[in-house]
Amino acid sequence: MHELSLNIDEHVTSILIGRDLFRKLEKISDRKLVLLVDENVYKLHEPKFAGLNCLTVPSGEQQKKLAFVEHVMRQMINMEADRTAFLVGVGGGLVTDLTGFVASIFMRGIRFGFISTTLLGQVDASIGGKNGVNLDGYKNMVGVFRQPEFVWCDLDLLGSLDQRELASGFSEVIKYGAIRDRSLFDYLEGHHEAILARNPEALEKIVSASAAIKVEIVESDVTEQADRKLLNFGHTLGHAIEKLTGMVHGEAIAIGMVMAARLSYNMGFLDAAEAFRLEQMIATVGLPVKTDLSHDDLYETLLKDKKRSGDFIHFILLQSIGEAFVHKMDLHSLRTAIHDLY
Ligand code: GLY
């Protein structure tokens, strides 16, 4: 078992990475416990939920909307949940983002925690207090920063994860290596087969290393004024690709990272060998490295990115594998840069 804590002001989030973490739920049974559970996780592990107040969340990004938040809160009222209720989200990023949002607004805020069941959730979405929903096709447009009391990353649950979802989470792990930790990147190059085969030690190593980087960055900049922007490496173009193609998050981010590395090279910040190394790593784990989208579609879509500030966008570039920086680009230069990419 690996333990970390995320400290923001007076609030401490306990992060546990290990096996068989479900049984710890018994410890919070003194309060009115309500579980918001991913439907597939519920079906696969039904006996674990016996006797608990569960609401299920159908899989798919289309549930990440205000109408579904209202639906959940109505069901909580029917269950007679009050302000002493404790909400636990059990699932991937969709469920934890929804849980944090519901818990932040239900009766002006109740306590909450997460059991994170996907690699993507364990290394990224469940840590850092970003909660919310999409609006009219704009990702995470409505939400709040609020930290859970705990995040339990149960490695056993990764055993039943679809291979495509595992690779999607791997993409975010590659991101951590690329932006902050060259030794993690070396490890991924040497152990990608073990990770994709779900070797328990390899999974514990990558989840712990990634979570530690996320904790360090979030503690230094919770509301994304500075270093937290680095976590968006590959995401500016990646989100646009995700929106236009419907690819899973990690796949779109993989292409976004390849493009951001090429852009870093084109602008003279990164050696060709380093850009190639990142592209190779991504291709080796079966993630896509390119898109057929037109330059104009890509550009028009990223103009709608909520991270855009006026005529500028904060683009994350690489200096080397393990070192990223924020580059403020005006939209005209970005348009030209996209045309030069592929
Ligand atoms: N997923 C990026 C962040 O939490 O800031």
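Each remark here, short or long, concerns the structure printed above.
Report follows, based on the coordinates. Here the structure is a predicted model, which is why all the values come from computation and not from measurement.

The rules behind these values
- Residues numbered from 1 in each chain as written.
- Predicted model: local features only at pLDDT ≥ 70, side-chain atom pairs only at ≥ 80, totals over all residues.
- Heavy atoms only, no water.
- Axes fitted to C-alpha atoms, helices over the stretch in contact; angles between N-to-C directions.
- Helix = DSSP H or I, 4+ residues; strand = E, 2+ residues; numbered from the N terminus.
- Parallel < 35°, antiparallel > 145°, perpendicular 65-115°, else oblique.
- Left-handed = near helix turned anticlockwise from the far one by under 90°.
- Contact = heavy atoms within 4.5 Å.
- Nonpolar A, V, L, I, M, F, W, Y, C, P; charged D, E, K, R; others polar.
- Pairing = 2+ DSSP bridges.
- Near = heavy atom within 4 Å.
- Polar contact = N/O pair within 3.5 Å; in protein donor to acceptor, adjacent residues only side chain to side chain.
- Areas by Shrake-Rupley, 256 points an atom, 1.4 Å probe, with all protein chains shown as cover.
- Core = buried A, V, L, I, M, F, W, Y, C linked by side-chain atoms within 4.5 Å.
- Buried < 20%, exposed > 50% of the residue type's maximum accessible area, 1.4 Å probe, protein only.
- Phe/Tyr/Trp six-rings, centres within 6.5 Å; stacked < 30°, edge-to-face > 60°.
- Lys NZ or Arg CZ within 6 Å of the ring centre and 35° of its normal.

### Thoughts on the packing of helix H11 (residues 295–302) against helix H12 (residues 331–339)
Phase 1: Interhelical geometry of H11 versus H12 gives an angle of 150° and a closest axis separation of 10 Å. The orientation of H11 with respect to H12, classified from their angle, is roughly antiparallel. Here the hand of the crossing between H11 and H12 comes out right-handed. Contact residues: H11 offers His295, Asp296, Leu298, Tyr299, Glu300 and Leu302, while H12 offers Leu331, His332, Leu334, Arg335, Ile338 and His339.
Phase 2: Residues belonging to the contact of H11 with H12 are distributed by class as follows: 6 nonpolar, 3 polar and 3 charged.

### Brief notes about the sheet that holds strand E4 (residues 53–57)
Phase 1: Sheet architecture is open: 7 strands sit in the order E1-E2-E9-E6-E5-E3-E4, paired in mixed fashion. Both edges of this open sheet fall to strand E1 (2–8) and E4, since each of them pairs with a single strand only. Taking the axes of each pair of neighbouring strands and ignoring which way they run, one obtains an average angle of 15° across the sheet.
Phase 2: In the sheet, strand E6 (residues 111–116) pairs with strand E9 (residues 150–154) via 3 bridges, with the strands oriented parallel. Each residue of the ladder has a partner; that of Ile115, found in E9, is Trp152.
Phase 3: The sheet strands contacting helix H3 (residues 93–105) are strand E3 (33–38), E4, strand E5 (86–91) and E6, and the helix crosses E5 at an angle near 165°.
Phase 4: This element, helix H7 (residues 200–220), spans E1, strand E2 (11–18) and E9 of the sheet and lies at about 15° to E1.

### Some thoughts on the site of the ligand
Phase 1: The ligand sits among Asp124, Lys130, Lys214, Glu224, Arg228 and Leu231.
Phase 2: Here Lys130 contributes a side-chain N or O atom positioned 2.8 Å from an oxygen atom of the ligand.
Phase 3: Alone, the ligand offers 200 Å² of accessible surface; in the complex the protein occludes 88% of this.
Phase 4: Split into classes, the residues belonging to the shell around the ligand amount to 1 nonpolar, no polar and 5 charged.

### So, the nonpolar core
Taken as a class, soluble globular proteins show a tendency for nonpolar side chains to be buried jointly.
Phase 1: Met76, Ile174, Leu188, Ile206, Phe233, Leu278 and Phe315 are the most contacted members of the largest nonpolar core, which has 101 residues in total.
Phase 2: Residue contacts for Met76: discarding those within four places in its chain leaves Val34, Leu55, Ala81, Leu87, Val102, Phe106 and Ile110.
Phase 3: Of all hydrophobic cores here, the second largest spans 17 residues; its members include Leu21, Phe22, Val88 and Leu157.

### Re the packing of aromatic side chains
Phase 1: Counted under the stated rule, the structure contains 6 aromatic pairs.
Phase 2: Seen from their ring centres, Phe269 and Phe325 are 4.9 Å apart, and the 70° between their planes marks the pair as edge-to-face. Taken together, the residues span a long stretch of sequence, with Phe269 in the loop between helix H9 (249–266) and helix H10 (272–284) and Phe325 in strand E11 (residues 323–330) at a distance of 56 residues.
Phase 3: The class of Phe269 is partly exposed, set by a relative accessible area of 33%.
Phase 4: Ring-pair connections join several aromatic residues into one group, and the members of that group are Phe22, Tyr42 and Phe49.
Phase 5: Over the aromatic face of Tyr176 sits the side chain of Lys175, whose NZ or CZ is 4.9 Å from the ring centroid.
Phase 6: Over the ring of Tyr187 we find Lys205, and its NZ or CZ is 5.0 Å from the ring centre.

### A look at the side chain of Ser168
Phase 1: Within the fold, Ser168 resides in helix H5 (residues 163–180).
Phase 2: Contact partners of Ser168, with chain neighbours within four places excluded, come to Leu120, Val248, His249, Gly250, Glu251 and Leu287.

### A word on the side chain of Asn134
Phase 1: Within the secondary structure, Asn134 sits in strand E7 (residues 130–135).
Phase 2: Reaching out from Asn134, the side chain makes a polar contact with the side chain of Glu61 at a distance of 2.9 Å.
Phase 3: Reaching out from Asn134, the side chain makes a polar contact with the backbone nitrogen of Asn140 at a distance of 2.8 Å.
Phase 4: When sequence neighbours within four positions are dropped, the list of residues in contact with Asn134 reads Glu61, Lys64, Lys65, Lys139, Asn140 and Met141.

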